[in-house]
Each structure stands twice: as C-alpha cells, then as structure tokens.
Amino acid sequence: MEKFVIGGGKALSGEVYISGAKNAAVAIIPSTILADSPCTLENVPNIKDVEVMFEIMTKMGAKIEQTGKNTYYVDATGIETTDVIFEEAGRMRASYYILGALLAKKGKACVRMPGGCFFGDRPMDQHIKGFSILGAECSFDDFKNCVSVFAKNGLKGGNIYMDVVSVGATINVMIAAVTAEGTTVIENAAREPHIVDVANFLNMMGANIKGAGTEVIKIKGVKELRGVNYSIIPDQIEAGTYIAAIAATHGKAVVKNVIPKHLDSIMVKINEMGVKTSVGENGDSISIDASGELKSCKVKTTPHPGFPTDMQPQFVVLMSMAKGTSYMRETVWECRFQYIEQLKRTGMDVKISGNKRDLLIIEGGKTLHGIDMQATDLRAGAAMIIAALCANGVSTISNINYIERGYDRIVEKLQALGADIAKESC
Ligand code: EPZ
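Residues numbered from 1 in each chain as written. Predicted model: local features only at pLDDT ≥ 70, side-chain atom pairs only at ≥ 80, totals over all residues. Heavy atoms only, no water.

Undergrad: So what's going on with the overall build of the protein chain? Residues and values would help.
TA: Scanning the protein chain for helices and strands turns up 13 helices and 24 strands. Scaling as 2.2 N^0.38, a compact globule of 426 residues should have a C-alpha radius of gyration of about 22 Å, and the protein chain matches this with 21 Å. If one aligns the C-alpha atoms of the protein chain with their principal axes, the spans along those axes are about 65 × 50 × 45 Å. The buried share among the 426 residues of the protein chain stands at 56%. Once local pairs closer than 6 in sequence are excluded, the contacts in the protein chain between residues at least 24 apart make up 73%. Total accessible area on the protein chain is roughly 16,300 Å²; 49% of this is exposed by carbon and sulfur atoms. Taking the 46 positively charged and 47 negatively charged side chains of the protein chain as two groups, their mean positions are separated by 3 Å. (Helix = DSSP H or I, 4+ residues; strand = E, 2+ residues; numbered from the N terminus. Rg over C-alpha atoms; globule rule 2.2 N^0.38 Å. Buried < 20%, exposed > 50% of the residue type's maximum accessible area, 1.4 Å probe, protein only. Contact = heavy atoms within 4.5 Å. Areas by Shrake-Rupley, 256 points an atom, 1.4 Å probe, with all protein chains shown as cover. Lys, Arg positive; Asp, Glu negative; His and termini not counted. Charge placed at Lys NZ, Arg CZ, Asp CG, Glu CD.)

In structure tokens:
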C-alpha cells in the first residue's frame, strides 16, 4: 500500500501539461471493438482506469501494444467472446461501454455489473431503456452479477428520450446505434466534451452521427467501420483540478494542452473568485494568477455546459480558502459529500444543509492544518490533495489507488509546480 505525503503552505508556480481525457478514453477504447481493422490511439492518459480497460480488452482477445508514451495500437478484430464477467470488469463504471460495443458488433453481450466510485445509487435503467428501444432483450443475472443484452433480430434504429441526462447512457446507446438498421434519435442527451470526442472517433471510423454535444443526437446506421488513428481530447476535469489547486494556494502558473471552451463553466467561477486568467496566444493554454485575495461564490453542479459535478470536491476546498460564505449545491449525485468529514478535521468550516442535504455552506478563510486522510473516491482524493497543499504542516493521503485511477502522473506534475509531495509506502 502507498500514500502521498504532502507538505503544505507553498504557492504553486510553473507549468503543468494536461493529459488525455479519462472519460473519453474509457469509452473510445471499447469502441474500437466496432472496427474491422486496427486503431492507433494517441494522447491516451497513463491512468489505472485505462490500464484496467486495456486488461479487459486483452482478456477478450484484443491485441494491444504501447507504441509511444501515450500512444497505443489496438487491434480488437480478434475478439470472439461476448461474455465479459471476469473480475476486472467489475472494477470500474466504464466497463458498461463494452455492452454497447458488443451489441453493435456481435448482437449480444454479458458484462459483469460495473463498479466505480460510490456516491449513491448508480443505476443503468437509461442504458437498458435505450438498448431495448433498439431491439435488444436486456436482463440482469443476479447470480453471475452481470447484465445481458441480446438482439436476436439485430438492432433497429428508434427514438429514445432519456428520462435523466446521463453521460454513460448517452455514450452507450450512441455506440450501440452506430450499426443499427435505420436512424436513431437520442433526445435529452448529455452534452459533455467526452461525448463529442467519442462521436468524433466513431464518425472517423465511418459512423454517421450528428448533433453530439447538443441535447439531440441523430445516428444513421452504417454497415462497416474501419480502424483509424485518433488523438483523445485533453481532460477538462484534470485541467480544472490543477486550476483549483493553483488558485487555492494563491499560485501563479500556466496550464497547457487544454481546450478553453471545455472549461468555460469552471473559468467563470474562477474569475468570479477574483483569480486573474488569460488564454495563451495558441489557444491551448490558460495562465492563472491567484496572488490576490479570493472571493466567496455560489456554485451549483449540473450536466454540461453547467459546472461539472466532477469538480465539486476540488472547488469546495478552493472556496474554503476564500474569506466569507460560499455555497456548493450538488444536483447530479445523491451523496457526493462523504469526504467532508475528513476535510473538517483540517480546520475547514463546511456544513451540509438543504432539505435534500445537497447543499454545502462553506465559511472560508480558516487556517488549515495537515492531517492524515483516506481518499474516498477519485475526485474527493484530488480535493484532499488540494487541502493538504493549503494546510500548514504535513498531511498524508492513503487509498491513493482512487486518485491514480484518474490522474496521470499527479505527483510528478505537482512537483513540477513546486509542490512538496512524495509517494511513500504505508
Ligand atoms: C460519468 O458517470 C462519469 N464517469 C462520472 O465521472 C461523472 O460524475 C458523471 O458521468 C456525470 O458527469 C465516466 O464517464 C466513466 P451519469 P456516469 O450516467 O455515466 C443518473 C469521474 O470522477 N442515472 O451521467 O455513471 C445517475 O444516478 C466520474 O470521472 C440514472 O438515473 O454518470 C446520476 O444521478 C465519477 N440512470 C445521473 O444520472 C442511468 O441509467 C448522472 O449519471 C444512468 C444514470
């Protein structure tokens, strides 16, 4: 077991280079199953969730080879199996994309129930609704703990209205619909940048998808998809996490390899808090100057283009460094505040409120002191790192496997920003 040891109290400065987007990569990798020839994927982040997805694909019969620092050759043409019930498939949420990919390619699949960070119920009813409308029979096998889908007469396009704006269901149904006969329309679709990236990848392979990034996505079924070379977009949440860390430590730094448009909702709030920012002349970097006083603010998480829920914990720590009262309302997940109790032990003044207990009231400006913490999920772990960077004294964070699931070389990147952080065995 390993832990991060962090000495706080230093302003971050320098440069950080953002890696490929986790939530795009974990969908694009299984989507290579649809191709009739091999793919080359570039800007793939070196994170545990990608490692596990590659392990799953290899166990299924794909040939995967790392041909560069962040480049992989993926040949999924040899995959025969449609049963993906081994342990790795239960380790993360994104394994459910294998359902959509095998349904599109083979007409059937049985995939172990997905795992993933726990912040309340994580249902799949909208995925199942979409697959059913496309003509698949869907069932949960409690004994094998897997989801089975079977399109005995092939998939036919249909109109799907998502009852809930769901990133996973939008991507999964989009993947399945790519080879369905006729046209599929997904309404009330999620609009995250990683959904657009998956659609761009599928279209490059020969799919016919229009409207990704809007609430209505139209997919005309095609018969063949060929392997392509594709570069994954930069990770907006990784970028937002470093921006929050630089701002919380009153630092001054440049965040490189970003698509500023993807960060709009985060940057609006960063600027509201008094942080000076500017986009680099090439349009792919953002300079952050948080040397001034931070101002309190109000944030509500909503699906894209709103403020991303995956930035909620990190931003709560940033808000606690601003004098005055700030408010964070979480509207996407039912209980994504488990990390609060540990952060309060650093001296942070945060209360859960609201009749649905979905509101945090943060009294900022308190001095934090270093403590031992345990990451409870990926983004909470990132928030604990930011708190440790702001605290006086030394903190440790264990359960770092959560953090390494989604942050590529986070210790090296923070050290390059001047942070006093090291990974040690517990
Ligand atoms: C994706 O999860 C991300 N994970 C999550 O990021 C992110 O928090 C979430 O989207 C929202 O942006 C990946 O992309 C691998 P949803 P997903 O389906 O697809 C409800 C991270 O930190 N819902 O958009 O599982 C659900 O309960 C991770 O990188 C249904 O009701 O999220 C939730 O309230 C954590 N029925 C809401 O929709 C369904 O069938 C949003 O969930 C599906 C979802």
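Undergrad: Lay out the packing of aromatic side chains with the relevant residues and their values.
TA: Two descriptors summarise a pair of aromatic rings, namely the distance from one centre to the other and the angle between the planes of the rings. In this structure the tally under the stated criterion is 4 aromatic pairs. An angle of 40° between the planes, with centres 4.6 Å apart, marks the rings of Phe 54 and Tyr 72 as tilted. Note that Phe 54 is positioned in helix H2 (residues 48–60) and Tyr 72 in strand E5 (residues 71–75), a separation of 18 residues in sequence. Across the pair, exposure class does not vary: Phe 54 and Tyr 72 are buried alike. Seen from their ring centres, Phe 307 and Phe 315 are 4.9 Å apart, and the 75° between their planes marks the pair as edge-to-face. (Phe/Tyr/Trp six-rings, centres within 6.5 Å; stacked < 30°, edge-to-face > 60°.)

Undergrad: Now, about the layout of surface pockets: what can you tell me, with residues and values included?
TA: Taken as a whole, the largest pocket spans an internal volume of roughly 1,100 Å³. In this structure, the largest pocket is lined by 47 residues; those nearest its centre are Arg 122, Val 167, Thr 309, Val 332 and Trp 333. Those elements that provide at least two residues to the lining of the largest pocket are helix H1 (22–31), helix H4 (125–133), helix H5 (167–177), helix H7 (236–248) and helix H11 (378–390). (1 Å grid on protein atoms, 1.4 Å probe; cavity = no way out; pocket = protein on both sides within 12 Å on 5 of 7 lines; lining within 4 Å. Points joined across faces, edges and corners; volume = space filled by probe spheres on them.)

Undergrad: Account for the site of the ligand, naming residues and giving values.
TA: Around the ligand, the structure places 24 residues, and the nearest of them are Arg 93, Ser 166, Val 167, Asp 310 and Val 332. Here an oxygen atom of the ligand sits 2.9 Å away from a polar atom, N or O, in the side chain of Lys 22. In this structure, Tyr 96 approaches the ligand through a side-chain N or O atom, which is 2.8 Å from an oxygen atom. Protein chains shield 91% of the accessible area of the ligand, which is 820 Å² for the free molecule. Because more than half of its atoms lie within 2 Å of the grid, the ligand is assigned to the largest pocket. For the shell around the ligand, the secondary-structure elements that each account for two or more residues are H1, H4, H5 and H11. Among the elements that make up the shell around the ligand, the one with the highest residue count is H4 (3 residues). (Near = heavy atom within 4 Å. Polar contact = N/O pair within 3.5 Å; in protein donor to acceptor, adjacent residues only side chain to side chain. Sits in = over half its atoms within 2 Å of the grid points.)

Undergrad: I'd like to hear about the pairing of strand E19 (residues 324–330), residue by residue, with values.
TA: Relative to E19, strand E18 (residues 298–301) is paired through 4 bridges, and the arrangement is parallel. Pairing of Thr 301 across the sheet is with Glu 330, part of E19. With helix H9 (residues 312–320) bridging E18 and the parallel E19, this β-α-β connection has right-handed handedness. Where E19 and strand E21 (residues 359–364) come together, 6 bridges link them in antiparallel fashion. (Pairing = 2+ DSSP bridges. Right-handed = clockwise from strand over helix to strand, strands pointing away.)

Undergrad: Give me empty space enclosed by the protein: which residues, what numbers.
TA: With the rule as written, the count across this model stands at 4 cavities of 30 Å³ or more. In this structure, the largest cavity spans a volume of roughly 70 Å³. If you go around the largest cavity, the residues you meet are Ala 21, Lys 22, Asn 23, Pro 193, His 194, Ile 233, Pro 234, Asp 235, Gln 236, Ile 237, His 262 and Arg 379. Those elements that provide at least two residues to the lining of the largest cavity are H1, helix H6 (193–205) and H7.

Undergrad: Outline the sheet that holds E18, supporting the account with residue identities and numerical values.
TA: Taken in spatial order, the 4 strands line up as E18-E19-E21-E20 in an open sheet, and their pairing is mixed. What marks the edges here is a single partner per strand, and that holds for E18 and strand E20 (349–353). When the angles between neighbouring strand axes are averaged without regard to direction, this sheet yields 15°. (Axes fitted to C-alpha atoms, helices over the stretch in contact; angles between N-to-C directions.)

Undergrad: Tell me about the packing of H1 against helix H3 (residues 97–106), residues and numbers included.
TA: At their nearest, the axes of H1 and H3 sit 9 Å apart, and the two run at 25° to each other. As far as their axial angle goes, H3 and H1 are roughly parallel. Crossing hand, H1 versus H3: right-handed. Residues Val 26, Ala 27 and Pro 30 of H1 lie in contact with H3, whose contacting residues are Tyr 97, Ile 98 and Ala 101. (Parallel < 35°, antiparallel > 145°, perpendicular 65-115°, else oblique. Left-handed = near helix turned anticlockwise from the far one by under 90°.)

Undergrad: Lay out the pattern of salt bridges in plain terms, naming residues and giving numbers.
TA: For the structure on display, the rule yields 21 salt bridges. Its salt-bridge partner being Glu 87, residue Arg 91 comes within 2.9 Å of it at the nearest N-O pair. Note on Arg 91: relative accessible area 39%, which makes it partly exposed. The salt bridge involving Lys 351 is made with Asp 349; its shortest N-O contact spans 3.2 Å. Linked through salt bridges whose partners overlap, the residues forming this network are Glu 2, Lys 48, Glu 404 and Lys 423. (Salt bridge = Lys/Arg side-chain N within 4 Å of Asp/Glu carboxyl O.)

Spatial relationships are all this shows, so hold off on functional conclusions.
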